[in-house]
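# Summary of the model geometry
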Amino acid sequence: MNIEMLSKSLQTNVKSFYMINGNDLFFKKQAINSFKSIVDEGTFDFNISYLNTAVTAEAFYINLQTPPFMSDYRVIFLSADGKKLEKDKAKAFEDKIKLWLKDPCPNVVLVADNNEDCFKFLAKYAEQIDCKKQNTINLVEQVSKMIANHGYVANDAAIKEIIVKCNNDMMIIANELDKLYAYCEDKNITFDIVSQIVVNNIEQSVFKLTDSIAQGNCGEAYSIMDNLLSSGEQPLKILAAISAQYRRMFICKVSALSSEQLAVQLGVKPFAVEIAKKIAKNYKPMQLKKLVDKFQLIEFQTKNGEIGMLEGLNLAFTYAVNRR
């Protein structure tokens, strides 16, 4: 079910076990807030728990069996921090959940964040919540409603331009809409204003592009690159950003420095280092070294006119995909 369906369902038919799928932070935040809404606000400290799989299966089971306190519901958010569980631990958690679901503690709700498919083995027991990034067609209606709810108007062309420039990322879209609300005193968001105010978020797009390649989702990676080109980004700028990201990934892979130290060394924000480390887990150091060397060569050939800019970008993209 999607977020809208979840909100309606929680009003009448609360299940014991839910699983959040996808990596759109905006939708995930909405899902989490929906679950929090069934807990009496003054009792959050007693009735909302955040657990990760570092706890023992037995401690986890005790939490599942703890009833709400002065609230209709108690909610447990379970995370594995995007790391797949070892076989023995996965079985222990699965056994406890199966045991609990036979006779669940009344009004206790378990919500698992299936980031990186870390809880895929539990999917058959849970109600699935779709928090994946949506395509442009599906987002037009949602963004249109958000704009209308703030008392503003925008035509489809303006809305599509917002979505494309933000690479279909609802968290970025929401942030950009706040800028547009402040700018448009007449409450009319036009295509020209969007083109002027909303910046192509090339860094975020490249994060997602390289992650998609690492995960073997080449179709999504190509779509991101195509969106960047369609929105007016120059091929050489995209190539340079991709090359910089792979270089960052390589340094993070082989360095013994902390994330904070790497951020200072690379001149980026700490979150960029964390993203680079996460994606780099899908590669061996030598794979990344070869990619970095190849991209540097392609960049040099492109800047010197030996190959065209678009040809260089396509060559780098193909090389990255084939070396995955």
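Each remark here, short or long, concerns the structure printed above.
Notes on the structure in this doc start here. (Residues numbered from 1 in each chain as written. Predicted model: local features only at pLDDT ≥ 70, side-chain atom pairs only at ≥ 80, totals over all residues. Heavy atoms only, no water.)

## Side note on the layout of surface pockets
The cut-off we apply is this: Here the term cavity refers to a set of points on a 1 Å grid, laid over the protein atoms alone, in which a 1.4 Å probe fits but cannot get out; the term pocket refers to an open set having protein on both sides within 12 Å along at least five of seven lines, with lining residues being those that place an atom within 4 Å of a point. Grid points are joined across faces, edges and corners, and a volume is the space filled by probe spheres set on the points. Secondary structure is summarised from DSSP: a helix means a run of H or I of at least four residues, a strand means a run of E of at least two, and numbering begins at the N terminus for each. Polar here means any residue other than Ala, Val, Leu, Ile, Met, Phe, Trp, Tyr, Cys and Pro, which are nonpolar, and Asp, Glu, Lys and Arg, which are charged; Gly is therefore polar.
Approximately 1,600 Å³ is the volume attributed to the largest pocket. Around the largest pocket, the lining is made up of 39 residues, and of these Asn23, Asn115, Glu116, Asp211 and Lys278 lie nearest the centre. Elements with a minimum of two residues in the lining of the largest pocket: helix 2 (25–36), helix 8 (170–183), helix 10 (202–214), helix 12 (235–254) and helix 14 (270–280). Tallied by class, residues from the lining of the largest pocket come to nine nonpolar, 11 polar and 19 charged. Taken as a whole, the second largest pocket spans an internal volume of roughly 470 Å³. As for the second largest pocket, its lining consists of 16 residues, of which Ile3, Glu4, Phe27, Gln30 and Gln142 are closest to the centre. Elements with a contribution of two residues or more to the lining of the second largest pocket: helix 1 (3–12), helix 2 and helix 6 (136–149). With six residues, helix 6 is the single largest residue contributor to the lining of the second largest pocket.

## Some words on empty space enclosed by the protein
Using the criterion set out here, one finds two cavities of 30 Å³ or more in the structure. Of the pockets and cavities examined, the second largest cavity occupies roughly 30 Å³. Counting only elements with at least two residues in the lining of the second largest cavity, the list comes to helix 10, helix 12 and helix 16 (309–322). Top element by residues in the lining of the second largest cavity is helix 16. It accounts for three residues. Of the residues assigned to the lining of the second largest cavity, the class counts are eight nonpolar, no polar and no charged.

## Details of the sheet that holds strand 1 (residues 17–21)
Where we set the bar: Pairing between strands is defined by DSSP: at least two bridges between them are needed. Note on geometry: axes are lines fitted to C-alpha atoms, helical ones only across the stretch in contact, with angles between N-to-C directions running from 0 to 180 degrees. Any two residues whose heavy atoms approach within 4.5 Å are treated as being in contact.
Taken in spatial order, the five strands line up as 2-3-4-1-5 in an open sheet, and their pairing is parallel. In this open sheet, the two strands that pair with only one neighbour each are strand 2 (48–52) and strand 5 (127–130). With strand direction ignored, the average angle separating the axes of adjacent strands in the sheet is 25 degrees. Looking at chain direction, strand 3 (residues 74–79) and strand 4 (residues 108–113) are connected through five bridges and run parallel. In the strand pairing of strand 4, Leu78 is matched with Ala112. Most of the contacts of helix 4 (residues 57–64) go to strand 3, to which it runs at about 155 degrees, and overall it touches strand 2, strand 3 and strand 4.

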